[in-house]
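# An overview of the molecular structure
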Amino acid sequence: MKKAATKSINPCDIRAVANFYAAQLQLCCPHSPTSYPHARRVHAHMTTSGFKPRGHILNRLIDVYCKSSHLVLAHQLFDKIPQPDIVARTTMLAAYSASRKPDMALEIFNTTPLRIRDTVFYNAMITTHCHNDDGHAAIELFRGMRREGFPPDNFTFTSVLSASALVADRETHCQQLHCAVVKSGTGLVTSVVNALLSVYVKCASSPLVSSSSLMGVARKLFDEMPVRDELTWTTIITGYVRNGDLDTARQVFEGMEEKLVFAWNAMISGYVHNGFVSEALEMFRRMNLLGIKLDEFTYTSILSACASAGLFLFGKQVHAYILRMEDKLSWDFSLSVDNALITLYWKCGKVDEARMIFNNMPVRDLVSWNAILSMYVSAGRMNEARSFFIEMPERNLLTWTVIISGMAQNGLGEEGLKLFNQMKLEGLKPCDYAFAGAISSCAVLAALEHGRQLHAQLVRLGFDSSLSAGNALITMYARCGVVEAAHCLFLTMPFMDSVSWNAMIAALGQHGHGAQALELFEQMLEEEILPDRITFLTILSACSHAGLVNRGRSYFDAMYRLYGIRPDEDHYARLIDLLCRAGKFSEAEDVIQRLPFEPGVQIWEALLGGCRIHGNVDLGVQSAERLLELRPQHDGTYILLSNMYADVGRWDDMAKVRKLMRDRGVKKEPGCSWVEVENKVHVFLVDDTAHPEVQAVYNYLEELGIKMRELGYVPDNKYALHDVGSDKKQHGLSTHSEKLAVVFGLLKLPRGATVRVFKNLRICGDCHNAFKFMSKVVERDIVVRDGKRFHHFRNGECSCGNYW
């Protein structure tokens, strides 16, 4: 431009000046980094020289500004044109479309007079709707274009078919579009047929059609195409992959003369998503041996396969290969591959290594941050998850859902609910998964009324048919002691998966309805829903709580024999618990001796618990010794062992255990019970004096005790685990936390309302007996959940049948 400033130009020769500026602007290549600064200099020179450019020069300037992503400047120049022509309007519309600003593009379109519009202009607007995933708007604009007499061309059909692929979900839609293409005479144009092929392929995924039928039509269209390009092969192969027909996809793939990278990636991705990891790895090895260039899609798919299958060493080899072979990685490449590597490392238990990859990433996105947050939550490292969540630069709905659900899964229900409310305060509308996390938090806290409120919100927002929320509600109602509501919800769910069945079977088992749990399990099998390892855990627990030893043994044997599920340690622990509760210690010992692994904490805990119930001190001592070796800082073992000694009056041995506990610095978890009254949780400890209304509780408890004794209740001093006199033992029994919580509920809840009390430890035998009498005296239902199960007391009986 320095030369331009010194060159003598005759101001009267407007054409020569215009040609000069036009030639200068011709030097602005669309993707050159120097285009924008050069165009700015030319524009400035025009302004200072007093030259007023005409349409073609202004259009060229607008085009350069748009392609250089300076839309503000482009629009300012556009606004200064008294009557912009169709070229300028089309340029601006296309730029807004590419920048994902459909409202601005629509404004340009609507303010353009019909008389100057043309087919290219309509094509640009149809493409805008397509980019915005608004297929209906694109189709409606196409219809308007035809009504106004503008003839569609190849680009029109390509765009409108691409938009139709977003919304077509019935076979008639595909047929109508196919007819329109044939009538237009574009049926042999490759780009148009590719777009039509895409409509068939995407519509085949709709639940309203037969995928095999539509894919058959798509294949016929593919076979009859005179010319196929890369997109053609991409569409048909990915179509078969998305519809789960991997064999046909592989057949088409092998028929390609030149197997392009996209085709390899499509096949590998299809195998990974359908769980065929070995086939994906075989394709990856073959691709590498043939020297085909691997890209970020190849690496992310194969790393995902390694993560899902737990193939850490192979995934690590792929990581090493990437570091060795890939030089000067682009940001897009690094970002997607690093995100896949983070997932691989944390799913294979390498949490710190995954964090190191994150720390060294040259660029991160929200996927990266969410992956690390999910990692900490899955690993149960909630302090780190909480800190990481706070430092995240941005959050989306997935972020909140992960942290809320993580809090609930790790027993931090109160924090989960606080985060759920904070998310709403920040303006995010919770999805059904976020609601599921909040409802799970209510289950952890046994906050029934809060859970009911969330249930009402779900219904109001239209999420009541959500599978995840429905499953969470079943668990919430069951853990809050309202198994009837859980069962009603289960029966009315529009769709159920194995999680739904497992949750309901577990609920029935925990509430003492063992026979109903087994009936539901048999119904699940009749519905052809395959049980998984969780199903068998729930069914073995149900058998254990109901004393159904033979049925439990039968189900345990069927795990591997019928369903190919190898029992884990937790399954064996359930079996041993089942046998020990029934007093079958010789069988339990035989199972332990034949274990395919070294018995761990769960096994010895199940044996010790059974010994405590039946007073088998010698075997109990042996199991306690093994537990103290494996987990010397856990208070439960010391407490169970000392209680066993107290049951048989071995006070010296009990004292030794207590001393050992003190010497090792192990503190007993204090027993506490809580009850919800008027949306407030009231907590009671043994011999409580802190609660503001505790004296009224003691007074009413004494009053109830008199009536209970009249019906035959006698305090069982066996459960007063101290070597003191009879009176003191009876007083100690009367101040147990569960008694105080139940009596407070009787005092404060409306007449006839069920009292629901929750305790962190196993309910004591005397309290269990007392509640049976109490339910008869007050003629009310009392539900108590302890650390193992629910007890429903009604009219002097308990749902457990005294088998607990």
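Everything numeric in this text was worked out from a predicted model, so none of it was measured.

The rules behind the values
Residues numbered from 1 in each chain as written. Predicted model: local features only at pLDDT ≥ 70, side-chain atom pairs only at ≥ 80, totals over all residues. Heavy atoms only, no water. Helix = DSSP H or I, 4+ residues; strand = E, 2+ residues; numbered from the N terminus. Rg over C-alpha atoms; globule rule 2.2 N^0.38 Å. Buried < 20%, exposed > 50% of the residue type's maximum accessible area, 1.4 Å probe, protein only. Contact = heavy atoms within 4.5 Å. Areas by Shrake-Rupley, 256 points an atom, 1.4 Å probe, with all protein chains shown as cover. Lys, Arg positive; Asp, Glu negative; His and termini not counted. Charge placed at Lys NZ, Arg CZ, Asp CG, Glu CD. pLDDT = per-residue confidence, 0-100. Salt bridge = Lys/Arg side-chain N within 4 Å of Asp/Glu carboxyl O. UniProt positions renumbered as here; feature names shortened; annotations may be inferred. Patch = residues over 30% accessible without salt bridge, like charges linked within 9 Å, V, L, I, M, F, W, Y side chains within 5 Å. Pairing = 2+ DSSP bridges. Right-handed = clockwise from strand over helix to strand, strands pointing away.

## Topic: the overall build of the protein chain
Looking only at helices and strands, the protein chain has 43 helices and six strands in total. In terms of overall dimensions, the protein chain is more spread out than a globule: its C-alpha atoms have a radius of gyration of 36 Å, far above the 28 Å expected for 804 residues. The dimensions of the protein chain, computed from C-alpha atoms along their principal axes, are 120 × 60 × 50 Å. When the 804 residues of the protein chain are sorted by exposure, 49% land in the buried category. Restricting the contact set of the protein chain to residue pairs at least 6 apart, pairs at least 24 apart contribute 62%. Here the protein chain displays about 39,600 Å² of accessible surface, and carbon together with sulfur accounts for 52% of that area. Averaging the locations of the 86 positively and 87 negatively charged side chains of the protein chain gives two centres separated by 5 Å.

## Points about the confidence of the model for the protein chain
Note: predicted coordinates in regions of low pLDDT should not be interpreted at a detailed level. Summing up the model confidence of the protein chain, the mean pLDDT is 87 and the portion of residues at 70 or higher is 93%. Predicted confidence for residues 1-9 stays below pLDDT 50, and this span has eight contacts to residues more than four positions away or in other chains. Across residues 721-732, where pLDDT falls below 50, the model places 17 contacts with residues more than four positions away in sequence or in other chains.

## Quick word on the pattern of salt bridges
Considering all chains together, one arrives at 28 salt bridges under this definition. Two residues, R219 and D223, come together in a salt bridge whose shortest N-O distance is 3.2 Å. Separated by four residues within a single helix, R219 and D223 lie in helix 13 (residues 211-224), roughly one turn from each other. E254 serves as the salt-bridge partner of K259, at 4.0 Å between the closest nitrogen and oxygen. Judged by its relative accessible area of 23%, K259 falls in the partly exposed class. On the basis of relative accessible area, E254 is assigned to the partly exposed category, the value being 33%. The structure contains a network of salt bridges with shared partners spanning R250, E254, K259, E282 and R286.

## Brief notes about the side chain of N123
Mapped onto the secondary structure, N123 falls in helix 8 (residues 119-131). Other than its neighbours up to four places away in sequence, N123 contacts M145, D153, F155, T156 and S159.

## Comments concerning the UniProt feature "repeat: PPR" (unreviewed entry) in the protein chain
Look at the UniProt record and you will see "repeat: PPR" (unreviewed entry) annotated at residues 118-152, 229-259, 260-294, 365-395, 396-430 and 497-531. A helix fraction of 74% and a strand fraction of 0% characterise residues 118-152, whose end C-alpha atoms lie 10 Å from each other. Structurally, residues 365-395 is divided into 74% helix and 0% strand, and its ends, taken at the C-alpha atoms, are 11 Å apart.

## Quick look at a nonpolar patch on the surface
On the surface, V681, V683 and L685 cluster together into a nonpolar patch covering about 230 Å² of accessible area. Among the secondary structure elements, L685 is positioned in strand 2 (residues 680-685).

## Notes on the pairing of strand 3 (residues 755-759)
For strand 3, a buried count of four out of five residues is recorded, marking the element as mostly surrounded by other parts of the structure. Bridge count for strand 1 (residues 672-677) against strand 3 is three bridges, and the pairing is antiparallel. Residue pairing across strands places V675 opposite V757, the latter belonging to strand 3. Bridge count between strand 3 and strand 4 (residues 782-785): four bridges; the pairing is parallel. Looking at the pairing, V757 lines up with V784 of strand 4. Crossover connection from strand 3 via helix 43 (residues 765-778) to parallel strand 4: handedness right-handed.

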